[in-house]
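So the chains spell out like this:
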Amino acid sequence: MRRGAAFFAAFAMLMFLFSSCNACENDGHAAKLILHPKTKELTLGLGASAVAHLAVEVQPSDAETDFTWKSSKPNVATVDEKGFVEALTVGSTQIIVTENNSGKKAICQLKIFSMPQSIELNKLSMELKAGRSYSLKAKFEPSMNIASPNKALTWASSDSKIVSVDGRGKITAVSKGKVTISATTVNGLVSSCEVTAK
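Residues numbered from 1 in each chain as written. Predicted model: local features only at pLDDT ≥ 70, side-chain atom pairs only at ≥ 80, totals over all residues. Heavy atoms only, no water.

### Here we look at the side chain of Ser-71
Line of reasoning, step 1. Its location among the elements puts Ser-71 in strand E5 (residues 67-71).
Line of reasoning, step 2. Among the polar contacts made by the side chain of Ser-71, one reaches the side chain of Thr-93 at a distance of 3.1 Å. (Helix = DSSP H or I, 4+ residues; strand = E, 2+ residues; numbered from the N terminus. Polar contact = N/O pair within 3.5 Å; in protein donor to acceptor, adjacent residues only side chain to side chain.)

Structure follows, in structure tokens:
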């Protein structure tokens, strides 16, 4: 009888702990915050692209929410109560959102670069055999102060069936012909290279 009573007592205690845990997990508070866009580091350029919007995904989705936004370096970038970020000067900062009911936080690393006044590709014309590739490089004045400036460009080919280009400026000759490869900065500057595929 004692063994049976002890078993039931232990079972009752486990059920109590289980129900208590469930109550904690479902207390209406946020369990997790996810910032969008999902990226390890958000980059902004001073000028035309100096404003961005961060959105918060809450899990569970029906949790009660009350957010506080802040920038770790408000002299570099500011953020308002709706997650709109404005770049003020070149540098790095963290944008931090806190859900006040649960204390959960999410952080976005922000890097701000200077906008170029001019851009020039390292080749203005070139020949490329079919099946071969080449990586075009862009030179900016002034420097954009970022590790991979080619990634801050929009690359395009006038005919990707002849020569294709990826998001980093790597071109590949597909078939014979002539195309124009263009690179455009976020503030609208353009440089191009005439490519003849043989």
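Structure's up, so let's keep going.
### Remarks on the sheet that holds strand E15 (residues 163-165)
Line of reasoning, step 1. Within the open sheet, the three strands sit side by side as E12-E16-E15. Their pairing is antiparallel. Of all strands in the sheet, those with a lone pairing partner are strand E12 (133-135) and E15, marking the two edges. Mean inter-strand twist for the sheet, computed between neighbouring axes without regard to direction, equals 20°.
Line of reasoning, step 2. Here E12 pairs with strand E16 (residues 170-173) via three bridges, running antiparallel. Residue Tyr-134 lies in a different strand from E16, and its bridge partner there is Ile-171. (Pairing = 2+ DSSP bridges. Axes fitted to C-alpha atoms, helices over the stretch in contact; angles between N-to-C directions.)

### Structural notes on the nonpolar core
Line of reasoning, step 1. Residues Leu-54, Val-85, Ile-95 and Leu-110 are the most contacted members of the largest nonpolar core, which totals 22 residues.
Line of reasoning, step 2. Counting only elements with at least two residues in this core, the list comes to strand E1 (32-36), strand E2 (41-45), strand E6 (77-79), strand E7 (84-87), strand E8 (91-99) and strand E9 (105-113).
Line of reasoning, step 3. Looking at this core, the element that brings in the most residues is E9, giving four residues.
Line of reasoning, step 4. Grouped together as the second largest cluster of nonpolar side chains are 19 residues, Phe-140, Val-163, Val-179 and Val-195 included. (Core = buried A, V, L, I, M, F, W, Y, C linked by side-chain atoms within 4.5 Å. Buried < 20%, exposed > 50% of the residue type's maximum accessible area, 1.4 Å probe, protein only.)

### Some words on the pairing of E8
Line of reasoning, step 1. Burial analysis of E8 places seven of its nine residues in the buried class, the great majority of the element.
Line of reasoning, step 2. As paired strands, E5 and E8 are joined by five bridges and run antiparallel to one another. Within E8, the position partnered with Trp-69 by the bridge is Val-97.
Line of reasoning, step 3. Where E8 meets E9, eight bridges bridge the pair, whose relative direction is antiparallel. Each residue of the ladder has a partner; that of Gln-94, found in E9, is Gln-109.

### With respect to the pattern of salt bridges
Line of reasoning, step 1. Counted according to the given criterion, the structure contains one salt bridge.
Line of reasoning, step 2. For the salt bridge of Lys-198 with Glu-127, the shortest nitrogen-to-oxygen distance reads 3.0 Å. Separated by 71 residues along the polypeptide, Lys-198 in the segment after strand E18 (190-197) and Glu-127 in strand E11 (residues 125-128) bring together distant segments of the chain.
Line of reasoning, step 3. Judged by relative accessible area, which is 48%, Lys-198 ranks as partly exposed. (Salt bridge = Lys/Arg side-chain N within 4 Å of Asp/Glu carboxyl O.)

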